[in-house]
Every structure is written in C-alpha cells, then in structure tokens.
Amino acid sequence: MSTDDLREPDDVDGVEAAAAASADASGAVSGSGEASDDAAADIHDIESVPLAERAPRYQELADRLRSELERSDPSRDPN
C-alpha cells in the first residue's frame, strides 16, 4: 500500500454530490430522501475524522443502513 492510497480526496463534497446525483439518476434512491440525506450527512461527518477512526464508523453506518433496509423490505413482511 502506498501513501497515495491513504490520501484524502481533493473534493469530498464533490464526490458525495456526484454519488448522490448518480443514485438519483439511476432511481436507486426513492421515497422522501430522508434516509439518503441522513446517510450523506453521516458520511460527511465520518470523512471529517482522522483516517484511522473511519473504519468503525463506516461499519456502524453500514450496519444501521442494512437494518433499516431489512425493516423496509416488503419481501420480509411476515403477513
């Protein structure tokens, strides 16, 4: 692994905006957008902490999003 792999992106906000635009264009984000807004805010917060502290925070976010998705998945409805 080189030091280039650990380098901060030059434009974190630009990367997030591009990802959100891509998701909107593909229809991947639907509904009110509240969950995606919360996730985007969480990602922005995670990106503001030192690199060594990010992995556990990303894992917590992934776990939370997985749980929310499982609760909202109609195929998992017991009725």
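Definitions and cut-offs
- Residues numbered from 1 in each chain as written.
- Predicted model: local features only at pLDDT ≥ 70, side-chain atom pairs only at ≥ 80, totals over all residues.
- Heavy atoms only, no water.
- pLDDT = per-residue confidence, 0-100.
- Helix = DSSP H or I, 4+ residues; strand = E, 2+ residues; numbered from the N terminus.
- Contact = heavy atoms within 4.5 Å.
- Salt bridge = Lys/Arg side-chain N within 4 Å of Asp/Glu carboxyl O.
- Buried < 20%, exposed > 50% of the residue type's maximum accessible area, 1.4 Å probe, protein only.
- Polar contact = N/O pair within 3.5 Å; in protein donor to acceptor, adjacent residues only side chain to side chain.

A. Structural detail: the confidence of the model for the protein chain. With 53% of its residues at a pLDDT of at least 70, the protein chain reaches an overall mean of 73. Within the protein chain, helix α3 (residues 54-72) carries the highest mean pLDDT (94), whereas helix α1 (residues 12-26) carries the lowest (52). Across residues 22-30 the pLDDT falls below 50, and counting only partners more than four positions away or on other chains, this stretch makes four contacts in the model.

B. Region of the structure containing the pattern of salt bridges. Scanning the entire structure with this criterion turns up five salt bridges. With a closest N to O distance of 3.2 Å, Glu47 and Arg54 form a salt bridge. Comparing Glu47 with Arg54 shows no difference in burial state: the two are buried. With its nearest N and O atoms 4.0 Å apart, the salt bridge here joins Arg57 to Glu53. The network of salt bridges with common partners includes Asp42, Arg64 and Glu68.

C. A look at the environment of Ser67. Examined against the element boundaries, Ser67 turns out to sit in helix α3. A distance of 2.8 Å separates a polar atom in the side chain of Ser67 from a polar atom in the side chain of Arg71.

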